[in-house]
Amino acid sequence: MGNLYPIYLNLEGQLCLVVGGGKVAERKIGSLLECGARVRLVSPQVTDQIKKWADLGQIELLQREYRPSDLTGSFLVFATTDNAEVNCQVARDCGERHLPVNVADNPTHCSFFVPSVIRRGKLSIAISTGGSSPKLAAKIRRQLESQFGPEYAEFLDLLSDVRRQVLADVEDIGQRQAIFYSLVESDILDLLKNKKYDQVKERLKNAYSGYRS
Ligand SMILES: C[C@@]1(CC(=O)O)C2=NC(=C\c3[nH]c(c(CCC(=O)O)c3CC(=O)O)Cc3[nH]c(c(CC(=O)O)c3CCC(=O)O)/C=C3\N/C(=C\2)[C@@H](CCC(=O)O)[C@]3(C)CC(=O)O)/[C@H]1CCC(=O)O
Ligand SMILES: NC(=O)c1ccc[n+]([C@@H]2O[C@H](COP(=O)([O-])OP(=O)(O)OC[C@H]3O[C@@H](n4cnc5c(N)ncnc54)[C@H](O)[C@@H]3O)[C@@H](O)[C@H]2O)c1
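Residues numbered from 1 in each chain as written. Chains lettered and ligands numbered in written order. Predicted model: local features only at pLDDT ≥ 70, side-chain atom pairs only at ≥ 80, totals over all residues. Heavy atoms only, no water.

1. Digging into the pairing of strand S2 (residues 38–42)
Note the following rule: Categorising residues by exposure relies on relative accessible area from a 1.4 Å probe, with only protein chains included: less than 20% of the type maximum marks a residue as buried, more than 50% marks it as exposed, and the intermediate range marks it as partly exposed. Put simply, DSSP marks the helices as runs of H or I at least four residues long and the strands as runs of E at least two long, and each gets a number from the N terminus on. For two strands to be treated as a pair, DSSP must find at least two bridges joining them. Here the term right-handed applies to a crossover when the path leading from its first strand over the helix to its second strand runs clockwise, the strands being oriented away from the viewer.
Counted residue by residue, S2 has four buried out of five residues, so it is predominantly covered. Across five bridges, the pairing between strand S1 (residues 15–19) and S2 is parallel. By the bridge assignment for S2, Val18 is matched with Leu41. Taken together, S1, helix H1 (residues 23–34) and S2 constitute a β-α-β crossover, and its handedness is right-handed. Across three bridges, S2 lies against strand S3 (residues 60–62) in parallel orientation.

2. Notes on the site of ligand 1
So the rule is basically this: For each residue, the test is whether any non-hydrogen atom lies within 4 Å of the molecule or strand; if one does, the residue is near. Two N or O atoms count as a polar contact when they lie within 3.5 Å, although within protein this holds only if one can serve as hydrogen donor and the other as acceptor, and sequence-adjacent residues are included solely when both atoms are side-chain atoms. Residue exposure ignores everything except the shown protein chains as possible cover, and the areas themselves are Shrake-Rupley values with a 1.4 Å probe. Put simply, Ala, Val, Leu, Ile, Met, Phe, Trp, Tyr, Cys and Pro go in the nonpolar bin, Asp, Glu, Lys and Arg in the charged bin, and everything else, Gly too, in the polar bin. Bear in mind that the domain bounds are from an automatic or database domain assignment.
Close to ligand 1 lie 19 residues, the nearest being Lys28, Asn102, Ser116, Thr129 and Arg141. In the environment of ligand 1, an oxygen atom lies 2.7 Å from a nitrogen or oxygen atom belonging to the side chain of Asn102. Protein contacts shield 64% of the accessible area of ligand 1, which totals 1,000 Å² for the unbound molecule. Of all the secondary-structure elements, those providing two or more residues to the shell around ligand 1 are H1 and helix H4 (134–147). Of all the elements, H4 adds the most residues to the shell around ligand 1, at five residues. Partitioning the shell around ligand 1 into residue classes produces eight nonpolar, six polar and five charged. Summarising the domain contributions, the shell around ligand 1 has at least three residues from each of domain 1 (15–114) and domain 2 (115–148).

3. Overview of the state of the cysteines
How we decide: Cysteine sulfur atoms are paired as a disulfide whenever they come within 2.5 Å of each other.
The full count for this structure, using the stated rule, is zero disulfides. You can see Cys16 has no disulfide; the closest cysteine sulfur is in Cys35, sitting 9.2 Å from it. Looking at Cys35, the relative accessible area reads 28%, which means it is partly exposed.

4. Considering the pairing of strand S7 (residues 123–127)
Residues in a regular strand point their side chains to alternate faces of the sheet. Pairing between strand S6 (residues 116–120) and S7: five bridges, direction antiparallel. When the bridges of S7 are listed, Ile118 appears paired with Ile125. Remark: two residues form the turn of the hairpin made by S6 and S7, two consecutive strands paired antiparallel; Gly121 in that turn has positive phi of roughly 60°.

5. A few points about the packing of aromatic side chains
Selection rule: Note on aromatic contacts: the rings of Phe and Tyr and the six-membered ring of Trp form a pair at centre separations within 6.5 Å, being stacked when their planes are under 30 degrees apart, edge-to-face when over 60 apart, and tilted otherwise. Two thresholds decide whether a charge sits over a ring: the Lys NZ or Arg CZ must be within 6 Å of the ring centre and within 35 degrees of the ring normal.
This model, assessed by the stated rule, comprises two aromatic pairs. Residues Phe78 and Phe112 carry aromatic rings whose centres are separated by 5.4 Å and whose planes lie at 90° to one another, so their mutual orientation is edge-to-face. Within this pair, whereas Phe78 is found in strand S4 (residues 76–79), its partner Phe112 is found in the loop between strand S5 (101–103) and S6, the two being separated by 34 residues in sequence. One exposure class covers both Phe78 and Phe112, and it is buried. Arranged with centres 4.9 Å apart and planes meeting at 55°, the rings of Phe148 and Tyr152 form a pair that is tilted. It is Arg163 that lies over the ring of Phe180; its NZ or CZ is 5.1 Å from the centre.

6. Focus on the domain arrangement of the protein
Short version of the rule: Defined in terms of a 1.4 Å probe, buried area is the accessible area two parts forfeit on being brought together, summed over both. Put simply, a salt bridge is a Lys or Arg side-chain nitrogen that is within 4 Å of an Asp or Glu carboxyl oxygen.
You can read the domains of the protein as domain 1 (15–114), domain 2 (115–148) and domain 3 (151–209). Centre-to-centre separation of domain 2 and domain 3, based on C-alpha positions: 27 Å. Carbon and sulfur atoms supply 69% of the area buried between domain 2 and domain 3, which totals about 470 Å² over both sides. Summed over the shared surface of domain 2 and domain 3, the result is one salt bridge. Between Asp157 and Lys122 there is a salt bridge, with its nearest N and O atoms 3.2 Å apart. Taken together, domain 2 and domain 3 are joined by one residue pair in polar contact (both at pLDDT 80 or more).

If you want it as structure tokens, here you go:
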């Protein structure tokens, strides 16, 4: 396998098919729902949590064995059964239809892997070991989790607001770059971490008040 190409997908409203309804399916469905995907699940047996999602109308449940026609309309496919042959058939069917497929028990049949993810508001950090060791990916996630605290979510919200304002107010590209640079390099993250919000306001005011066109 060569280098993997990392991308961030917008799954809002997109139909994702999950084949199999066990522990792995439950984890994949949880993260798909967090991203606003529509989930169709096909599996004779399902976990209690999956049943709950179906009862609440949060996912579509087809409680039977997989058929190739289940793939119709899918944007992404996850083969998570405990039957290697079924998973392999799903991968083949997806290959014929040029559909991206994740196969839980066989990295060589995956056209994409699911990474381990840290989220802090709009910041997301994804970690993959190219299928070599999901356990190491999870360990690195835990290490990074302590390094990137909740203040990053607040910082990004501020940066996003300021960015919109600066793009509207400051015509000169050089000046805009200088403002963005000074904010990113400032001590605002530390101030947020220590809840010194008055000083944060001060920093923001100083950062771009002199530049208005
Ligand atoms: C990151 C994460 C994302 C997610 O699934 O949400 C993820 N696996 C996670 C957890 C996890 N995985 C496994 C256990 C059980 C404990 C253990 O056995 O270690 C646990 C639970 C735990 O660790 O507690 C075992 C396992 N995983 C795969 C196989 C099959 C194989 O390798 O052949 C087997 C062996 C089965 C066996 O032994 O029979 C395959 C894949 N798992 C991947 C991703 C992809 C590669 C990612 C990369 O590039 O690194 C890939 C290739 C396909 C895919 O699923 O996308 C998530 C961590 C979330 C987090 O905690 O942050
Ligand atoms: N990728 C990962 O992150 C990861 C992690 C752990 C384990 N695994 C592997 O993934 C596989 C699934 O693990 P699990 O713990 O979720 O298994 P599980 O036993 O909890 O669930 C298997 C599910 O597959 C369903 N199923 C069986 N045949 C089917 C068919 N023909 N059509 C549709 N659904 C069918 C069953 O009804 C059941 O719901 C195993 O092979 C395991 O080794 C992968």
